[in-house]
Each structure stands twice: as C-alpha cells, then as structure tokens.
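Next come the chains, spelled out residue by residue.
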Amino acid sequence: MLFPTVTFALFFIVVLPVSWLLMPHQTRWKLFMLAASYYFYGYWNPRFVLLLVASSLFNQLCAVLIHRADNEQVRRLLLGAAVVGNLGVLGYFKYYGFFVSSGTNLLDNLGLNISPEILTVTLPIGISFFTFQALSYVIDIYRRTFEPVKMLEFAVFLSFFPQLVAGPIVRASEFLPQLKLRHDPRRVDSSRAFFLIFLGLFKKVVIANFLGTEIVDAVFGSPDQASSFEVLIGIYAYAVQIYADFSGYTDMAIGLALLLGFRFPQNFDAPYTSVSLQDFWRRWHMTLSRWLRDYLYIPLGGNRGSRLATYRNLMITMVLGGLWHGAAWTFVVWGAIHGAGLSFEHWRRERREARGEAEPDDTVWRRVGLRILTFNVVCFAWVFFRATSFQNAWDVLTRLLWHWTDPSPLITWAVLITIAVGIGAQFVPKEAMGRAMAAFSRLSPISQGAVLGLALFVTNTLGPRGVAPFIYFQF
Amino acid sequence: MADDDTPPPTDVVRRTVAAVKRGNQPRGRGTIAPPDEPPRRLMAAGHVLLVGLICLSIGWALNAQGVKKTAHGQPIGWRRDVAVFFADPVASLSSFFQLSRPREALQSALGREGDDDINTALPSPTTPDAGGTTTTIQTAFSPDDPMRVWIGGDSLAIRSGESMIEDLPPLSGGAIEVVVPQIQQQVATGLARPEVLNWPEHLRSETERDDPDVVVLTVGINDAQPLTGEGGVGPFGTEEWQAEYRRRVGGLMDQVLGEGRTLVWVGIPIVRDGGRDAQFQVINEIVRSEAELREGRVLFVDIYEMFKDHNGNYAEYLANDAGEIVKYREPDGIHLTPAGGDRVAAEVFGTIAENFDLTSWRDDQPSTTASTAPVTTTPPP
C-alpha cells in the first residue's frame, strides 16, 4: 500500500480514530495496531507477513535469552546467532543471486567453469529496514543499554506501519518508551504532522515524478543519445529526484506517526547545503548514518585507532552502507566514493591540526565554494547509485565530455525551475517553516481542512497520473 | 559518516522521549513550543479527523474527474465497482457545479488537456479491399535518409526501449533514427482497459506528431483480465474474450498500417508465475496470428524462448554469449533488466534488418533510398 493513494487514505481514516479510541486500553491498542500494520504490509504480498512474524519471534527470543544469560561467552554466542540469523535472511532474499552470479563469474575468469542453477528469490519490501531495526534492539540489549519488552510491544515496534517499508530507521530505544507514555488525544501536534505529510506528498508526486519522467530516465536509460548539457542537468535532476522521493516518503511517515501520537527521529536536514561529506552524512538519511556509526563504525574502532585504521573503518562502513542499498557493485562503488571522500577530509583535518594551522576563516564565499564542491562530489557518486551497471555509469560520465554542442530537447524551463526549487528550498530558514506551521495551527479546523484540500488539488493536478514506486522501496 | 564527535545515541533518545513528553502531557493552553520554533496550537484527535475529512472532500470535489478516471482504471472486481459507484456521481456533481473548471484550467496551462477524458471506443480491423491492399512503403534506408522509428508500450517496453534507443542507430550505422528522445512508456496499460488508456487513440496522436516509418510496440502484459469499454467481455480467455481481443489487436495493427507505417510488435517473454505465463501465451498467440495475417507489414518479435534456462524453465540469471552469468530479469519475475533489454533490442534490430534494406548504402550502390516496393496486405478474416 503506497501512502499517496486513495486506498491508503481510506485505511488511515479508519485507523486514526480507532487508534485514539483504543489508546487508553494499551493491550487492545497494541493488538489493533499490530493487525493494522500486518494488513498494511500484507496488502502487497500476504505471504511475507509470515516473515515479519518470524523475525519478531526470533529477535525477541534472542533478546530475552541474551538478557537472562549471565555468562559473557553465552551472551556473545547468542548475539552472534541473532546477527547471523538476521543478516542470513537479509542475505538470502537480497544478495543470493548477486553473490552466486558474482562468484560464478569470478571462477569463470579463473578458468573454473560451473553453471549453477540460480534460484529466483522475491525480495520482500522493507526487509533492509526492519532487519536493521531488529538488530538495534538485540544489540542494545546485549550492551545492557536497553531491556527486553513484552513480545507484543516488540512486534508492534517492528511492524509499525508508518516506518515499516522505507524508514526512517527507528530504534527500539526511541520508539518503545513512547508506548509507555500517556498519549492525550486532546493534544495532537497536527499542524506539524499535516505540514510534513503535504510537503512529502508534493516532493514525491510532483517534483520526484516530474524529474524522473522528464529527464532522468532518458539520460540514464540512453546516455549515448543525450548531449553533455542534458547529462549534466540529468545528474543534477537525479540528485533532486532521489532527495524529493526519499525525504518525501519519510516526511509522510513522520507526519502520519505524529497524527497517531508518536515521534520519529528526523531523517533529512537540508543535505544539499552541506559544506563537506561529513556534514552531508549528518544531514542525509540520518537514521541510517547513526545506525552505521553506532553499530558498525564505532565497534570497528571508529577514529580512536591509528590514522590508517580510521580510514579502513570509514571505508568498510561506507562500502557496507552502499551494499545495504542494493545488490550490485555500483552501490559498492557509491559507498567507496563516500568512504574515500570522508577519509580525505579526515586526513586534511588531521594534517592541519598536526601543523598547528588554524581553521580557515568561515567566509560566505568559502561556504559557497565548499557547498558547490560537496554537491558535485555527491552528484558524481549518485551516477553510480543510479546507473544500472558500470558500463552505464561510464557511458553517462564520458558523455559529459565531448557533446556540448549537441541539441538538448530534454532540457526545458520546467525542468530547470524544478531543479532550482528542489535545491533552493533547502536554504529556506527553519524559522520560516516554524512560523508557517504556527500560523497554520492557529486556523480553525474548517480553515485548515480547506487549505489542505486546495493543496491536495494542486498536488494531484500537477502530478502525473498514477504513482511511481518509491525509489527506496527496493532497498 | 559522522565522526565520534557527534552526539551519542543516548542523547538522541533522551531528546526524543523528552519531546514526546512535552507534546503529550497536559500543559498550559494546549500548545507546544519546541526550541527555536514559535509555539504551535495542538488539536484534539476528533478535530484532526475533521480536518482530514474536509481536506479529502474538497480535494475530491476539485479533482473529481481525475478520481473518476482512476476509479474506472482499477482492477476489475468489487473494489472497482465500489469506487466507480461513488466516483461517477461525484464527478457529475462537480461538473454541474463547475468545480472541475480549476482542474481543467490548470491542465490546459500545463498542456495536458483531455488527461481525464475516458474514451473506450476501439477501432476494428479494416477491410478496405477484399483482394488485399497495395500500399507503397519505403524499404531501403541510409544515414542520409534514415528509417524513422517510434518506440513505446507498457512497462515491459521500458528496458528494451531504452536499449533500442541506444542501440538501433549505431547497429544500423545511422540508417535508423529513433524519433523519440525517450521511451514512450504508459505503465499499467494495454488493450483490455481503454478507459485507463485508449492505445489506438494515444498511438495515433504519437504517430501524427513524430511521423515514423516503423512503430515498435510492446503491449500485452496488463491484458490478462476482462475486457472493458466498447465490446467489453469477460472473463479472460473465453472464446468471446479471445474474439474481442483479436478484434482490438487487429484494429490497432490496421490503424498503423493504414497510416502507411510498419508495425513491429514485441511479444511477452516467459514469466516466473506459471499461471500468468499460460495467460500470456494466449495473448502472444493472438498477436502472432494477427501479425501473420499482415505478413511483411506487421512483424511479430517472439521473445518467449529467449529467457528460458537449459531445462526450458524461467530463469532470472542466464549465461550471455561470453559465458558470463548475467541477470536478465527483475525480481518481480516479469520485467527485464537492462541486460535483458539489450537482448530484446538486438532481436528487434535483427527483425528490422531482415525485412528492410539497411545496408546497401554501404556498398556505394546507386541511390536506393528513394526506392519503393509495393507490399500486399491480406485483409483479416
């Protein structure tokens, strides 16, 4: 079930009042929310609800056993079983074909010709997200920073429908304490929720879909037919498309959860205003970035070891982060570009500190230069993220070089304005957004409904017919 | 990746829980004042529902024509019946009270007039001459006078179309020019549901705009369902269904031929689901037999066998010509990957090259680019 559909609107109109009516009765509310979330997930493919149930049971069992065990070796063994179990399921569904075909081709290059039958495996939507959420729960319990909750509560956490299929990656320690709070149905932060939902809707339905169909698909689908100017604008358009698509989804997810009385962590913070890659990763997919930092980068040693160890840790983290997005070598390269960039920034900072040099003055022009540089490095990496193969990425990048005089029918004023709006909107001060939400919150319910109805009309009319799948659903 | 100097996760947790407490515990006059933001008024859940209902009502009234088209485009079944039951009268009321005007004006400003129109009339096969129609078409092409090719279809056309746009011009040495800058995809459409997209009508507007010599069309994977619109009949696969689907396929073929163009119809490959595969074979067979009735003018490209393993089963991965294992199909078991698209594009090029002269210009022969040859089409039964 996709958020921007009539089907979901009807689903949510039923869930919202029932959820608030049942809120005083905790167990009944949890059972209802679990059923609603399973219905939401099963609407796509009912068989995979069983996978979600199995994941809940397995992780809760591991968590309880780890919590009860006194022997450190046993605890470590149980944690290992949980990690292997979770990553094993993820690996089977997501990476099986990738690893078998890559291994076969590697052996073939070495002269060992084998022809394995490769099973066809259907990828369950959202498996990468709920697997990471489950792992954070088990690892936090292993670290004794969190205690196991009841099975029903954990199942609600893992399947809670606003964040189930494409994040944000909410941790148990962020969500489960909220189940114990008294939610007052007279105090819903609706203005922020509606603002996020409609902002996300506009980003997805209008901006992302428009850029995808007008230029990005054509440039990446047939790069040899595009001019250099079209390729350049196509890459920038993809940067805006993937931001609008993914942040649009999580805006809607955060807004819907807020209407149900739950707060999710922020997932994006104007990423294209970043002045460095480190800054970018504090603003882009923040919940994944935090997850990788806390459960992979820091356990690997973080930046506490030697300089080389830090670079190694950054590269491992970012390459695995890239592979998390998809079973293809292009995602590995995307992660490696970011890992190398972060290592370079780290090296430069350390060298400056070692020489006792002061940080350069933070002038406007320096910030502008750093923003342009960072944005273009990020866009270069996006080419590998979007490309269907290395050959495709190579075709796109080489096409940038020699075809500046070719005609560029794909570039229209509408495309350029949409890209400008997509990037420019990230520089709107947060206070302006806050003031808009505050002003909206002071309207009467009827006026609010009218304003939102007009917003729905504009979004629906400007958007193309039908709803394209969200890019991050495949991850 | 943020370094270790960013706030530890426990801070984030503390802030989140504190924010929840701020927002959910009775305090003052029903406002929330997050740091760095002006205070917002909070709302009761009942009022939230009211706002949502007003929003949806206004949105529905102003977008009623679009909602109606969406309702009619739902899969056949009780959900569609219910959607149509509500959407049609609301659309009529919206129209009566002129509430559809703003949408029409905005669509007109965007150059998308008629987006919400529902036209379910489909052309039948034409029999203008009982003895066959003699149509003169160009058969030889060169870089100076290239074959103009239009490429489009449903979602199955996307990957193969992208490959064709990329590959056909260089494979032909420039004797083929693709007239569309990108694949003309119409996802989730076919000949079964003209209220979703009337393909003959849509294709006519496309070919009038681009004036191609050859139309490469991939349509059919959404057609294993009851047929709606003029002549509608169901369920799928009955004799009546096959007769009506045959009429629609033949009608579309003759429309393209009547414009003096050649039609290349790309079939459906084997798919993972056995039930759907059997349905698609029925569709393939109808298209193949209709193409045979128009031999030489409608070229059916059969890609069914192309994606089978050595046991004759569906395969997601197959060895390519170099012996490398390559992923040809998407995880949904239906669509093609870019590598799969390349395979289909090569097959389409082979079919075009077999039926047209794309090479004689290389031999430096006297100009053949203007040569024409009469082709006889046999009228359909």
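The rules behind each value
- Residues numbered from 1 in each chain as written.
- Chains lettered and ligands numbered in written order.
- Predicted model: local features only at pLDDT ≥ 70, side-chain atom pairs only at ≥ 80, totals over all residues.
- Helix = DSSP H or I, 4+ residues; strand = E, 2+ residues; numbered from the N terminus.
- Rg over C-alpha atoms; globule rule 2.2 N^0.38 Å.
- Buried ≥ 20, exposed ≤ 12 C-beta atoms within 10 Å, placed from the backbone.
- Contact = placed C-beta atoms within 7 Å.
- Expected span 1.5 Å × (residues − 1).
- Domains from an automatic or database assignment.
- Nonpolar A, V, L, I, M, F, W, Y, C, P; charged D, E, K, R; others polar.
- Arc of directions from axis to C-beta.
- Core = buried A, V, L, I, M, F, W, Y, C linked by C-beta atoms within 7 Å.
- Pairing = 2+ DSSP bridges.
- Right-handed = clockwise from strand over helix to strand, strands pointing away.
- Axes fitted to C-alpha atoms, helices over the stretch in contact; angles between N-to-C directions.
- Parallel < 35°, antiparallel > 145°, perpendicular 65-115°, else oblique.
- Left-handed = near helix turned anticlockwise from the far one by under 90°.
- pLDDT = per-residue confidence, 0-100.

Chemist: Describe in detail the overall build of chain A, supporting the description with residues and values.
Modeler: Across its full length, chain A holds 18 helices and 0 strands. Computed over its C-alpha atoms, the radius of gyration of chain A comes to 24 Å, within 12% of the 23 Å expected for a compact globule of 475 residues. A principal-axis box enclosing the C-alpha atoms of chain A has dimensions of 65 × 60 × 60 Å. Scored against the burial criterion, the 475 residues of chain A give a buried share of 48%. Counted over contacts in chain A with a minimum sequence separation of 6, partners at least 24 positions apart contribute 74%.

Chemist: Report on the overall build of chain B, specifying residues and quantitative values.
Modeler: In terms of helices and strands, chain B carries 10 helices and 12 strands. For chain B, the residues scored as buried account for 41% of the 381 residues in total. Taking all contacts inside chain B whose residues are at least 6 apart in sequence as the whole, residues at least 24 apart take part in 72%.

Chemist: Describe helix α7 (residues 199–210) of chain B, listing the residues and the values that go with them.
Modeler: The end-to-end C-alpha distance of α7 of chain B is 16 Å, a good match for the 16 Å that 12 residues give at a rise of 1.5 Å each. In the segment just after α7 of chain B, Asp211 of chain B is the residue with positive phi, at about 45°.

Chemist: Give a detailed account of the domain arrangement of chain A, specifying residues and quantitative values.
Modeler: Residue and element names in this part refer to chain A. For chain A, the domain assignment lists domain 1 (19–179) and domain 2 (190–470). Just the C-alpha atoms count here: the centres of domain 1 and domain 2 sit 26 Å apart. Elements with a contribution of two residues or more to the side of domain 1 that touches domain 2: α4 (72–109), α5 (127–142) and α7 (172–179). When grouped by side-chain class, the residues that make up the side of domain 1 that touches domain 2 number 10 nonpolar, 6 polar and 2 charged.

Chemist: Tell me about the interface of chain B and chain A, residues and numbers included.
Modeler: Contact residues are listed per partner, giving 67 residues for chain B and 83 residues for chain A. Elements represented by at least two residues in the side of chain B that touches chain A include exactly α1 (9–24), β2 (40–41), α2 (45–62), α5 (101–109), α6 (157–171), β10 (317–319) and β11 (325–327) of chain B. Per element, the largest residue contribution to the side of chain B that touches chain A is 14 residues, and it comes from α2 of chain B. Broken down by class, the residue content of the side of chain B that touches chain A amounts to 36 nonpolar, 16 polar and 15 charged.

Chemist: Explain the domain arrangement of chain B to me, using residue names and the numbers behind them.
Modeler: Residue and element names in this part refer to chain B. Each domain of chain B was delimited in the assignment, giving domain 1 (41–113) and domain 2 (133–377). For domain 1 versus domain 2, the separation of C-alpha centres amounts to 36 Å. With 4 residues of domain 1 at the contact, the number on the domain 2 side is 6 residues. The class makeup of the residues in the side of domain 1 that touches domain 2 is 2 nonpolar, 2 polar and no charged.

Chemist: Explain helix α3 (residues 47–68) of chain A to me, and be specific about the residues and the numbers.
Modeler: All names here are of chain A. In this model α3 runs 33 Å from its N-terminal to its C-terminal C-alpha over 22 residues, within 8% of the 32 Å that 1.5 Å per residue would give. Leu52, Ser55, Ser56, Asn59, Gln60, Cys62, Ala63 and Ile66 are the residues of α3 that are buried. Projected down its long axis, α3 shows its buried positions confined to an angular sector of 165°, all on one face. Turned more than 90 degrees from where α3 packs its buried face, Arg47, Leu50, Ala54 and Arg68 sit exposed.

Chemist: Pulling in residues and values, what's your account of the nonpolar core?
Modeler: Ranked by size, the top nonpolar core spans 140 residues in total, and within it Val138, Leu211, Ile215, Val219, Ala237 and Val240 of chain A carry the most contacts. Considering every element that reaches this core, the biggest residue donor is helix α9 (residues 228–259) of chain A, with 20 residues. Counting residues in each nonpolar core, the second largest holds 68 residues, with Ile158, Val214, Ile303 and Trp361 of chain B among its members.

Chemist: Explain unusual backbone geometry to me, using residue names and the numbers behind them.
Modeler: In this structure, Ala270 of chain A is a non-glycine residue whose phi angle is positive, near 45°. Checked against the element boundaries, Ala270 of chain A lands in the loop between α9 and α10 (277–281). C-beta crowding within 10 Å serves as the criterion here: with 16 such atoms nearby, Ala270 of chain A is assigned to the partly exposed category. Not every positive phi belongs to a glycine, and Asp211 of chain B is a case in point at roughly 45°. Along the polypeptide, Asp211 of chain B turns up in the loop between α7 and β7 (214–218). Note on Asp211 of chain B: 12 C-beta atoms within 10 Å, which makes it exposed.

Chemist: An account of the environment of Ala63 of chain A is needed here, citing residue identities and associated values.
Modeler: Residue and element names in this part refer to chain A. Along the chain, Ala63 turns up in helix α3. The spacing of Ala63 and Tyr137 is 74 residues in sequence and 7.6 Å in space, taken between C-alpha atoms. Leaving out residues up to four positions away in the same chain, Ala63 has contacts with Tyr137, Val138, Ile141 and Pro148.

Chemist: Residue-level account of the pairing of strand β4 (residues 147–153) of chain B, with values.
Modeler: All names here are of chain B. Most of β4 is tucked away, with 6 of its 7 residues classed as buried. Alignment of β4 against strand β5 (residues 176–178), held across 3 bridges, turns out to be parallel. Considered in β5, the bridge of Met147 is made with Ile176. Once the chain exits β4 it traverses α6 before rejoining the sheet at β5, and the crossover so formed is right-handed. Here β4 runs beside β7; their pairing, made up of 5 bridges, is parallel. Within the sheet, the bridge partner assigned to Trp150 lies in β7 and is Val215.

Chemist: For the packing of α7 of chain B against helix α8 (residues 239–258) of chain B, give the residues involved together with the corresponding values.
Modeler: Residues and elements named next belong to chain B. Following both chains from N to C, one finds α7 and α8 inclined at 15°, their axes separated by 10 Å at the closest point. With respect to α8, the axis of α7 lies roughly parallel. Two packed elements cross with a definite hand, and for α7 against α8 that hand is right-handed. Within the contact between the two elements, α7 uses Trp199, Pro200 and Arg204 and α8 uses Gly251, Leu252 and Gln255.

Chemist: Give me the packing of helix α2 (residues 26–42) of chain A against helix α6 (residues 151–159) of chain A: which residues, what numbers.
Modeler: All names here are of chain A. Between α2 and α6, the shortest axis-to-axis distance is 9 Å and the interhelical angle comes to 35°. Both α2 and α6 take part in a crossing whose hand is left-handed. Across from Lys30, Met33, Leu34, Ser37, Tyr38 and Tyr41 in α2, the residues of α6 making contact are Leu152, Glu153, Ala155, Val156 and Ser159. Taken together, the residues of the contact of α2 with α6 sort by class into 7 nonpolar, 2 polar and 2 charged.

Chemist: Describe the environment of Val231 of chain A, listing the residues and the values that go with them.
Modeler: Residue and element names in this part refer to chain A. On the secondary structure map, Val231 appears in helix α9. On the basis of neighbour counts, which here come to 27 C-beta atoms within 10 Å, the residue Val231 falls in the buried class. Leave out the neighbours within four places in its chain, and Val231 touches Val219, Pro223, Ala226, Val396, Arg399 and Leu400.

Chemist: Tell me about the pairing of strand β8 (residues 262–266) of chain B, and name the residues and values.
Modeler: All names here are of chain B. Of all the 5 residues making up β8, 5 are buried; the element is thus mostly covered by neighbouring parts of the structure. Burial along β8 is two-sided: Thr262, Val264 and Val266 facing one way and Leu263 and Trp265 facing the other are all buried. Where β7 and β8 come together, 4 bridges link them in parallel fashion. What sits directly across from Val214, in β8, is Thr262. For the segment spanning β7, α8 and β8, crossover handedness is right-handed. As paired elements, β8 and strand β9 (residues 298–301) share 4 bridges and run parallel to each other. Residue Trp265 lies in a different strand from β9, and its bridge partner there is Phe300. Read from β8 through helix α9 (residues 274–293) to β9, the crossover connection turns out right-handed.

Chemist: Please give an account of the confidence of the model for chain B that cites residues and values.
Modeler: All names here are of chain B. Per-residue confidence for chain B gives a mean pLDDT of 82; residues scoring 70 or more make up 84%. Within chain B, no element has a lower average pLDDT than strand β12 (residues 372–377), which sits at 41, and none a higher one than β7, at 96. Low pLDDT, under 50, characterises residues 2–10; the predicted model gives this stretch 14 contacts beyond four residues in sequence or across chains. With pLDDT under 50 throughout, residues 367–381 is counted as low confidence; its partners more than four residues away or in other chains account for 41 contacts. The ipTM, which scores confidence in the relative placement of chains, is 0.77 for this predicted complex, and the corresponding pTM is 0.78.

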